[in-house]
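A closer look at the structure
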Amino acid sequence: MTKTYCSLPFSHLYITTDGSVQPCCRFRFTNEEGIDTEWSKSEAPKVAEFKTLDNVLKDNPRHKIIQDKMLAGEKVEGCRSCYIEEEKTGSSMRTSENEQWGDFNRDTISTKSIEITFGNYCNLACRICCSELSTSWLEDEKKLVKDYPFLPVSKRKNADKDWKTEDFSTVKQIKITGGEPLLHPDFTKFLDMLISTDRTDDINLMIYTNSSTIPKSHLIERLSKFKNVKLYLSIDGFGKVQEYIRHKSNWDITEKTYEAWLNAELEYPNIVVCFSPTISLFNIMYVEELIDWWIETRMRIHGEVKPHAVTYNIMNNPRLMSIHDFHKSKERADELEEYKNSNDFIPNIEDLINVVIENLRNVDDSSIDNSVRKEFVQYTKDLDMLRKQDVKHSLPKLYELYEDLFTKYEGKLDKVLS
C-alpha cells in the first residue's frame, strides 16, 4: 500500500443527485487555480451508463487514471482535502477508509460500499446548504446568485437508475444522503430491492436525515431486516437556533423525530441513532446547549447514554460560513475546553468537542480576512430579508460578537426583492 493509496477508487462509488459518479464525496474537481483535476465534473459519467457497479470501477477511464496514480505512489490532485487534513491531524477519511476496506489492486476491484443521493428534493433550505442538495433553495438562489456567485443555482435532479439485485452481490455498506432521502419516493423502493437480494443480514445502512419526518412503522419494519442501520440525525442547534440554520424546520417536529428514532432503537437492536451536526459560524456559540439537549433526551428515553456514532462536518466552504475567520476563536476554544473538562462525555462526543477546539485553535489571527467577515454579515442580512428571519433574535450570542459589523453594513440585495 503506497502513501497516497486510498481504497475508495477501487471499492466505492459516490452517486450524486443527478446520477453522476464520483470517486467519493470529498473529491475536488478543480485545484486552487480553478483548473480541472483528474476528474472533470462536466465529464462525470452517469451510473446508468454502465451494466453493473463493478463495471464503473473497472471500465471508467477517470477511475483508471486515479487508480494508476495511487498504485504508483503519486498524489492525486482531487484528493488534497485528505492530504491537508493528514498534515494537520495525522488522519483523514482516506486513512480511516483504508483501515476499514484494506488493500485492493486492479485484479481485486469490487464494489464494497456506495454512497447514494436519490436526488436533491428536500423540504428544508438550510443556510449551510444550496440547491445542489435542496430544491427548497431554488427561489432564494435565483435572487442571491448575482451578488453571491458561489451559489450553484441548480435545478431539480433525480438519480435515475434501474437498480438490479446483482449490483449488490458484494456490497456491504450503503450510505444514503440527500436531499432528504426519507421523503424521496425511490427510497422505499430501493429498500425493497435490497431486501429482495436476501443479503440484508450482510448489509450495513447509514442514513442521513434532516430530522423533519417522524418515521412510520412500515419504514422501521423494513430497516429492522438489515445487519446494522445507523440513523444520522442532522441537527445543528437547539430550538430557535435549529429553526434559523435549518430554515423551514419545526423544532417540535425535530424533537419528536429524535424521540421516535430513540424508541425504535430500544425496540430493534440493529438500529442506532447517531449525532451528525455541522459546525459553522452560525452555531459556534451554541455547541454546548446542542450537546446537552442531545444527551438529556437520550437519558430521558433510554435512562442512559450508551456509546453511539457521532459524525460531524466542520464547515470550510464557502469560507464566509466557516469558523476560520472567527475573531474570538481562542476565547471560544477555552470555553469549550472548560465545558469538556467539567463533564463526563462518551468518547465520540468528546472527540467532536476536541475537533471543534482544534479547529478554533488553528485559526491564525493574522490571516483573518475582514472582507470575508463583511460578506458573512451581508449574506446573513440578505437571507434574513428573503426568509423573514432575524439573526439578532435567533442567534443573539453571535449577533453580539458581530454587532459592529451588522450595524455598519447593509446587505447587497435590493430591498424590493423581499
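Read on for a plain summary of the structure. It should be emphasised that the depicted structure is a prediction, and the values quoted were computed from it without experimental measurement.

Conventions used here
Residues numbered from 1 in each chain as written. Predicted model: local features only at pLDDT ≥ 70, side-chain atom pairs only at ≥ 80, totals over all residues. Heavy atoms only, no water. Helix = DSSP H or I, 4+ residues; strand = E, 2+ residues; numbered from the N terminus. Rg over C-alpha atoms; globule rule 2.2 N^0.38 Å. Buried < 20%, exposed > 50% of the residue type's maximum accessible area, 1.4 Å probe, protein only. Pairing = 2+ DSSP bridges. Contact = heavy atoms within 4.5 Å. Axes fitted to C-alpha atoms, helices over the stretch in contact; angles between N-to-C directions. Parallel < 35°, antiparallel > 145°, perpendicular 65-115°, else oblique. Arc of directions from axis to C-beta.

**Some details on the overall build of the chain**
Secondary structure summary: the chain contains 17 helices and 11 strands in total. For the chain, whose C-alpha radius of gyration is 22 Å, the value lies close to the compact-globule estimate of 22 Å for 418 residues. With respect to the principal axes defined by its C-alpha atoms, the chain has extents near 60 × 50 × 45 Å. Relative to its 418 residues, the chain shows a buried fraction of 55%.

**Here we look at the sheet that holds strand β7 (residues 228-233)**
Here 7 strands make up an open sheet; going across it, the order is β2-β1-β3-β5-β6-β7-β9 and the pairing mixed. The sheet is open, and its two borders are formed by β2 (21-22) and β9 (271-275), each paired with just one other strand. With 4 bridges joining them, strand β1 (residues 12-15) and strand β3 (residues 113-117) adopt parallel strand pairing. From the neighbouring strand, L13 faces β3, where its bridge partner is I114. Each of β7 and β9 touches helix α11 (residues 287-302); the most contacted strand, β9, lies at about 160° to it.

**Some thoughts on the packing of helix α4 (residues 80-89) against helix α5 (residues 93-101)**
Put simply, α4 and α5 touch, their axes get as near as 8 Å, and they point 95° apart. Accordingly, the angle class assigned to the pair α4 and α5 is roughly perpendicular. Of the residues in α5, those touching α4 at C82, Y83 and E86 are M93, R94 and T95.

**Quick word on helix α7 (residues 185-195)**
Here α7 has its buried residues at F187, F190, L191, M193 and L194. Viewed along the axis of α7, the buried residues span an arc of 160°, placing them on a single side of the element. Exposed residues on α7 whose side chains face more than 90 degrees from its buried face are P185 and K189. Those residues of α7 hidden inside the fold are in contact with β3, β5 (173-177), β6 (204-209) and α8 (217-223).

**A short note on the pairing of β9**
Every regular strand shows the same layout, with side chains that alternate between the two sheet faces. Judged by how many residues are buried, β9 sits mostly within the fold: 4 of 5 residues are covered. Sheet topology places β7 next to β9; 5 bridges connect them, and they run parallel. Considered in β9, the bridge of L231 is made with V273.

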